[in-house]
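Examination of the molecular architecture
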Amino acid sequence: MFSASFSSISRCLIVLAMMAGTALGQAKPAAAILPSSFSGWRLEAQTVKSGSDPAAVDPSDFPVLKEYGFADSETATYRHNGREIEIKAARFNDASGAFGAFTYYVQSQMRVETIGDAGASNNSRILFYKGNILVDVTLPQETAAPAAELHSLAEALPRPKGNLAVLPTLTRNLPEQSRLRNTSRYIVGPEALARLAVPIPAQLVDFSKSPEIVMAKYRTSVGESTLTIVGYPTPQIARERMTAMQSASLGGGPFYFKRSGPFVAAVNGSIPADEAQSLLASVNYAADVTWNQPTKIPQEDRAGFIVALVLLCVIAVLAALIFGFAFGGFRILISRLFPNKVFDRPESVDFIRLNLK
């Protein structure tokens, strides 16, 4: 009986091991980004290009894409009634990355579009983001893609789940009044900081402290000014960094600084002192218990599950064998040391009989 059971268990383990090997040999492909069609536009399969190299998306600014958490991209051509458009989609690890990349690429002269979560356009280009995907649509001069059709494209894009879809909250602290259109920027690394000409250099911001930065331009009575807000994890870090910024010799001044909780706000440019103080007064930290730190959603790992199951079966069988031999050996040892006293007592002793009348 024991031999038959052990043989069955062995066959089970062999089958599970074969399944684990098969699962490990199958690499899980990345999910597609662009839909096969939307609003009559059909994807030309032979034009699809996908990959995980940010340099293929933007050869000059690919370090910035890395900072925003670039994951993969897909480019394809769509056709509809003789019209043709090229669509480039970049997927990021979370919605904050797509939002940051959108603010990096959007230009002040673009028109604001209500496509996806936010959009902008000029005569030959439409840029928008939806969730963690940034979409760049290139239009030939004779081609027009109505916003309604691109709304359908935005809705067909895959969506991130959980807190991966949460946008950064620091941007809410940029005042709306007098802010110039399409000048808001969200920055998380030194490459974007330098290329967007943020007036505070990276060594003073100190990215080892895990800051995030928002910047925007404002119209003043004498020209334009820049408001920069640097958010740090704690007020103590913000206080130390603001002291370093105030002590530094910065170009583009004069500078006006303010600290509010973990925020350091700085205004510079063509702006009178009273207007600068008024702009700074509108930046105030308000504690908001919001979970906005992105985490990765656990991916289904079938191969890992099968391997763990095989290991569990092996451990269970070994434990059963060890405890079985230990118990059997203990019985044999006790029977030899104390014959007919513990395990091999006479049958009359094994039962308690009450002669009740």
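Residues numbered from 1 in each chain as written. Predicted model: local features only at pLDDT ≥ 70, side-chain atom pairs only at ≥ 80, totals over all residues. Heavy atoms only, no water.

1. What about the overall build of the protein chain?
Of regular secondary structure, the protein chain possesses 11 helices and 14 strands. For the protein chain, the proportion of its 357 residues judged to be buried stands at 39%. Sequence-distant contacts, at least 24 apart, represent 63% of the contacts inside the protein chain between residues at least 6 apart. When the accessible surface of the protein chain is totalled, it reaches about 20,400 Å², and 57% of it is carbon and sulfur. (Helix = DSSP H or I, 4+ residues; strand = E, 2+ residues; numbered from the N terminus. Buried < 20%, exposed > 50% of the residue type's maximum accessible area, 1.4 Å probe, protein only. Contact = heavy atoms within 4.5 Å. Areas by Shrake-Rupley, 256 points an atom, 1.4 Å probe, with all protein chains shown as cover.)

2. Here we look at helix α9 (residues 273-281)
Turning to α9, its buried residues number three or more, namely A276, L279 and L280. In a view along the axis of α9, the buried residues occupy a sector of 100°, so they form one face of it. Facing away from the buried side of α9, by more than 90 degrees, are the exposed residues D274 and S278. Considering only its buried residues, α9 is in contact with β11 (212-219), β12 (224-231), β13 (255-260) and β14 (263-269). (Arc of directions from axis to C-beta.)

3. Brief notes about the pattern of salt bridges
One pass over the structure, following the stated rule, counts 11 salt bridges. We note a salt bridge from E84 to R79, for which the minimum N-O separation is 2.9 Å. According to the relative accessible area criterion, E84 is partly exposed, its value standing at 35%. The class of R79 is partly exposed, set by a relative accessible area of 34%. Across the pair D136 and R125 runs a salt bridge, and its minimum N-O distance is 2.9 Å. You can see D136 sitting in strand β9 (residues 133-138) and its partner R125 sitting in strand β8 (residues 125-130), a full 11 residues away along the chain. On the basis of relative accessibility, which here comes to 16%, the residue D136 falls in the buried class. If you follow the salt bridges from partner to partner, you end up with E44, R79 and E84 in one network. (Salt bridge = Lys/Arg side-chain N within 4 Å of Asp/Glu carboxyl O.)

4. Regarding the sheet that holds β13
Spatially, the 5 strands line up as an open sheet ordered β10-β11-β12-β14-β13, and their pairing is antiparallel. Edge strands, defined here as strands with exactly one partner in the open sheet, are β10 (185-187) and β13. Strand-to-strand twist in this sheet, taken as the mean axis angle between neighbours without regard to direction, amounts to 20°. Here β12 runs beside β14; their pairing, made up of 7 bridges, is antiparallel. Within β14, the position partnered with G231 by the bridge is F263. Docked against the sheet, helix α8 (residues 235-247) engages β13 and β14, running at close to 170° with respect to β13. Across the sheet, α9 touches β11, β12, β13 and β14, and the angle it forms with β13 is around 20°. (Pairing = 2+ DSSP bridges. Axes fitted to C-alpha atoms, helices over the stretch in contact; angles between N-to-C directions.)

5. Examining the environment of L250
Looking at the secondary structure, you find L250 in the loop between α8 and β13. When residues no more than four places from it in sequence are discounted, the contact partners of L250 are P199, P201, L204, M245, F255 and F257.

6. A look at a nonpolar patch on the surface
A surface patch of nonpolar side chains, about 310 Å² in accessible area, is lined by F305, L309 and L312. Mapping L309 onto the fold places it in helix α10 (residues 302-337). Among the residues examined, L309 registers a relative accessible area of 30% and is labelled partly exposed. (Patch = residues over 30% accessible without salt bridge, like charges linked within 9 Å, V, L, I, M, F, W, Y side chains within 5 Å.)

7. Let's talk about the side chain of T220
By the element assignment, T220 lies in the loop between β11 and β12. In this structure the side chain of T220 is engaged in a polar contact, spanning 2.6 Å, whose partner is the backbone oxygen of S270. For T220, the contacting residues outside a window of four places in its chain are S225, S270, I271 and E275. (Polar contact = N/O pair within 3.5 Å; in protein donor to acceptor, adjacent residues only side chain to side chain.)

8. A word on α10
Between its terminal C-alpha atoms α10 stretches 52 Å, which fits the 52 Å expected from 36 residues at 1.5 Å a residue. The set of residues buried in α10 consists of A303, I306, V310, V317, I334 and S335. (Expected span 1.5 Å × (residues − 1).)

9. Some thoughts on unusual backbone geometry
Despite not being glycine, D206 has its phi angle at roughly 65°, a positive value. Here D206 shows up in the loop between α7 (202-205) and β11. In this structure, S210 takes a positive phi of about 60° despite not being glycine. Its location among the elements puts S210 in the loop between α7 and β11. Note on S210: relative accessible area 55%, which makes it exposed.

Read these as layout, nothing more, since geometry by itself doesn't imply function.
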